[in-house]
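Coordinates in review
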Amino acid sequence: MTEIELETMELKDLKDLRAKIDRAIASYEDRQKLKAREEVEAFARERGFSLTELAAVAATKKRRPADPKYANPDNPDDTWSGRGRRPRWVEQALASGRELSDLAI
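Residues numbered from 1 in each chain as written. Predicted model: local features only at pLDDT ≥ 70, side-chain atom pairs only at ≥ 80, totals over all residues. Heavy atoms only, no water.

Topic: the pattern of salt bridges
Under the counting rule described, the total for this entry stands at four salt bridges. A salt bridge links Glu41 to Arg37, with the shortest nitrogen-to-oxygen separation between them at 3.1 Å. Of this pair, Glu41 and Arg37 are both found in helix 2 (residues 11–46), four residues apart, which corresponds to roughly one turn of the helix. For Glu41, a relative accessible area of 23% gives the class partly exposed. When the shortest N-O distance is used, the salt bridge between Asp67 and Arg64 registers 3.3 Å. When its relative accessible area of 46% is taken as the criterion, Asp67 is described as partly exposed. Residue class for Arg64 comes out exposed when judged on its relative accessible area of 57%. (Salt bridge = Lys/Arg side-chain N within 4 Å of Asp/Glu carboxyl O. Helix = DSSP H or I, 4+ residues; strand = E, 2+ residues; numbered from the N terminus. Buried < 20%, exposed > 50% of the residue type's maximum accessible area, 1.4 Å probe, protein only.)

Okay, here's the thing in structure tokens:
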């Protein structure tokens, strides 16, 4: 279909065409997902596993919490691993002139 043909189409026809294209894209994506799943299942079978077994392993594997590296000098129970956003007590200590190394455990 050429650009000229699209420009001469009525709005209803253009919307119908768009709906058909959206369905074709969704159908294509579904076929690709099914093909990928079949390939992954075959890969797992070759190694003696089922896809369910592999998915269960992936779902149960969790990263353990990071060990604390810093402690609040005013309350040693307040700790921070150095990951993520700095706690308020770290920000306050740094603002008062302390170094991060001063808070190290």
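What to know about helix 4 (residues 88–95)
Buried residues of helix 4: Trp89, Val90 and Ala93, and no others. The arc that holds every buried residue of helix 4, seen down its axis, measures 100 degrees, which confines them to one face. Opposite the buried face of helix 4, by more than 90 degrees, sit the exposed residues Arg88 and Ala95. Looking at the buried residues of helix 4, the elements they touch are strand 1 (70–72) and strand 2 (75–80). Following helix 4 by one or two positions, Gly97 has its phi on the positive side, about 105 degrees. (Arc of directions from axis to C-beta. Contact = heavy atoms within 4.5 Å.)

What about the confidence of the model for the protein?
Any region with low pLDDT has predicted coordinates that should not be read closely. Here the protein averages 91 in pLDDT, while 97% of its residues score no lower than 70. Within the protein, helix 2 carries the highest mean pLDDT (96), whereas helix 3 (residues 51–60) carries the lowest (80). (pLDDT = per-residue confidence, 0-100.)

Structural notes on the side chain of Asn72
Within the fold, Asn72 resides in strand 1. A distance of 2.9 Å separates the side chain of Asn72 from the backbone nitrogen of Asp74, its partner in a polar contact. If we ignore the near neighbours within four places in the chain, the residues touching Asn72 are Asp78 and Trp89. (Polar contact = N/O pair within 3.5 Å; in protein donor to acceptor, adjacent residues only side chain to side chain.)

Looking at the environment of Leu54
Structurally, Leu54 is set in helix 3. Taking the relative accessible area as the measure of exposure, Leu54 reaches 34% and is therefore partly exposed. Put simply, Leu54 and Glu41 are 13 residues apart on the chain and 9.7 Å apart in space, counted from C-alpha to C-alpha. Apart from residues lying up to four places away in sequence, Leu54 is in contact with Ala44 and Phe49.

Topic: the environment of Arg37
You can call Arg37 partly exposed: its relative accessible area is 48%. Through-space distance from the C-alpha of Arg37 to that of Leu51 is 8.9 Å; in sequence the pair is 14 residues apart.

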